[in-house]
Amino acid sequence: MAGNWKLNPSTVQEASSLLKLLASNFIHHRDNNSAEVVQHQLQPEVIVFPPFPFIERAVSILEGTGIKVGAQNVGTAVKGAFTGEVSTSMIRSLGCDYVMVGHSERRTIFDETDEIINTKIKLALEEGGLKIVLCVGESLEEYENELLSSVVNLQIKKALKDISKDQIMNSGGGCNLIIAYEPIWAIGTGKVATPVQAQMAHVVVRKTLEELYGWDIANQIQIQYGGSVTPDSIADLMSMADVDGALVGGASLTADGFTRIVDGASSAASGLLPRLPPLPPKELTALEVVSCKNVLGESPIWSVKDQALYWISAPEEEVWTWNLIDAPYRRLFGTTIGCIALRGSSSNNGGGNLLIAGERAFLETRMTQRGENMNDFSSASGEQVSVFCDRPEQTETTRPNDGRVDREGRLVIGMYNNYHRSGSSEGENNCGLYRLDPITKSIQSLFPSNYKYRVSNCISFSPDGRTLYFCDTPTRKVYAFDYPESADGTLLSNRRLIWTMPSNLPGGPDGAQVDADGGLWMAISGAGLVVRVHPSLPGIVDYVVHLPVKSPTSCTFGGIDLDELFITTRGPDGGGLYRVKMPFGIRGLPEPEFGSSSGSGTVPMSPVSYPQQQQQQQQQSVVQEKPIAPPPVYGSAPSYLDTL
Ligand code: PEP
């Protein structure tokens, strides 16, 4: 537990009286049941960070109480012509055991960069006996844009750049580092993060530390929560498995307040169950339900109206459909198909209306359920098929690929550079992302003209329709963007990284679909998996669906209750349609139709919301008796933040 006094109090006399009160509280505190002052380490460890001029006084007044003293900052030079600076050897020689680096006030008011913070940490580690409290945390804007993980992950990695395990652990087996997670929006504002919010952020911190130093060390590094902690909030915060302590600002300026916080923390900590490594993802297995042997099955969509699934086999120029009861059947369309969309229709014409994003043109058609079996396909010409519009990019190197309909009934369509593996200039980034309006048939670019890519995938929408997911498959990085609802030429904005495919997985993210809770299910072609990443915990895979074939290509929710995941696959070992029932509480949303607005606020509630699931998983985890092995690595937290 640490108290950060910041620029307080105003005089050395006031500082001395606060220190004396603290000293007497803590001597009594430790002496409750004994006349003798107990000379063991305070549990929890207590540190105060007074301003530089009061450090010497603090060390002398607190001597014998067990309370440690730290400096709120340190310079980046060791000695010499650096007027106004303070060095690590100076603070250590005064008796400081700790130094705080990277406090958000130093980052924002004094422009301290991650590089400066890294230098300070290295200097402190070189100064034997000095431990570090490294502060990290996101701003309100970053929090609201779901950037917590990216920001915190990046801050930690940059601050600890080139710092080894051996420097983090001291020779006595103790740890030289504490991380203080302090959301900037909670510092000094009275807005304390909820225990679940703090726990989720601390899991991100620990996961990053695990990536850097392995689980054993990550588990030993204490993570403090900071931001408007009071005697009333401390016990609930400390009941979270990954909250090891608190960094307290305002409330550490009275001896009574700070002592009550330390007391609250010790009693909560005594009831704590051991922390366990992060939960492994839940594993599911999908089974083949249609052995259609597609060369490249893709773009599965479920129509609630038709109670049928539609999908394509791209180079075979086929659209398939299956109502889960009768035999599936297919039709040929005479053009390579990128994807299909349900087509809204006011007339009751038997259903099966589709828009086909073909290489030659976008087509409209109707796949009526006529009971034909899957070998019985007919040519497109005999049935209602018409050209809807030209396709974007009338070039020979690109063709339509992945796409989904937004909540306003427009189709967002991404492209595919046929030469992307060639290494020649034809294989360069030359694809754009487009939005097709069903009424005007106009096509709007959603990326700026200089933002091009090679293979569009993962195109899908958050439940409220305001976020679009996208992956340029060769990069193996999945992004979220703010999606412009207006049709006035506004582009996608606010790019943030959701998941980087870890190096131990082959292949790349292909088609994806979002569940009603906002979790993003991505088919990983080449790895035989579909994985879920929830954008509120970027980088963490919490569900994995295994397939017996290597290349799932896309997925969607279907069935009467939208609680089954249908997965298309490609040859040569696959090609069939696969299906897996979702665990209780997970289901999809109705797929919007091209040409009919489904509104953005019509999201059915799922029985268990995502944070609740996390909490339940966490609770399950803390009652485990035996430590469980670290989970298989299906993902890493995003390694960088970048904005479009
Ligand atoms: C701090 O600045 O480190 C802090 C947590 O402040 P407060 O407790 O006043 O929000």
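Refer to the preceding data block for the structure.
Worth saying up front: this structure is predicted, and the values here are computed from it rather than measured.

Grouped together as the largest cluster of nonpolar side chains are 74 residues, with contacts concentrated most on Ile121, Ile132, Leu134, Leu160, Ile168 and Tyr225. With eight residues, helix α9 (residues 195–213) is the largest single contributor of residues to this core. Not counting chain neighbours up to four residues away, the residues in contact with Ile168 comprise Leu160, Ile163, Gly174, Cys175, Asn176, Leu177, Tyr213, Ile217 and Ile221. If you look at the next biggest cluster of nonpolar residues, it comprises 30 residues, including Val405, Met415, Tyr479 and Leu497.

Applying the stated criterion across every chain yields a total of 14 aromatic pairs. Taken together, a centroid distance of 6.1 Å and an interplanar angle of 0° make the contact between Trp302 and Phe566 stacked. Placement of Trp302 in strand β11 (residues 297–303) and of Phe566 in strand β32 (residues 564–569) is noted, with a sequence separation of 264 residues between them. Each member of the pair, Trp302 as well as Phe566, carries the same accessibility label: buried. Members of the aromatic cluster, connected to one another through ring pairs, are Phe447, Tyr451, Tyr453, Phe470, Tyr479 and Phe481. Its end group placed over the ring of Phe110, Arg106 keeps NZ or CZ at 4.2 Å from the ring centre. One residue, Arg399, lies across the ring of Tyr416, its end atom 4.7 Å from the ring centre.

Before going further, it helps to spend a moment on the side chain of Thr569. Relative to the helices and strands, Thr569 resides in strand β32. Side-chain polar atoms of Thr569 contact the backbone nitrogen of Gly575, separated by 2.6 Å. Not counting residues up to four positions away in its chain, the partners in contact with Thr569 are Asn294, Leu296, Gly297, Leu547, Val549, Ser551, Pro552, Thr553, Gly574, Gly575, Gly576 and Tyr578.

About the thresholds
- Residues numbered from 1 in each chain as written.
- Predicted model: local features only at pLDDT ≥ 70, side-chain atom pairs only at ≥ 80, totals over all residues.
- Heavy atoms only, no water.
- Core = buried A, V, L, I, M, F, W, Y, C linked by side-chain atoms within 4.5 Å.
- Buried < 20%, exposed > 50% of the residue type's maximum accessible area, 1.4 Å probe, protein only.
- Helix = DSSP H or I, 4+ residues; strand = E, 2+ residues; numbered from the N terminus.
- Contact = heavy atoms within 4.5 Å.
- Phe/Tyr/Trp six-rings, centres within 6.5 Å; stacked < 30°, edge-to-face > 60°.
- Lys NZ or Arg CZ within 6 Å of the ring centre and 35° of its normal.
- Polar contact = N/O pair within 3.5 Å; in protein donor to acceptor, adjacent residues only side chain to side chain.

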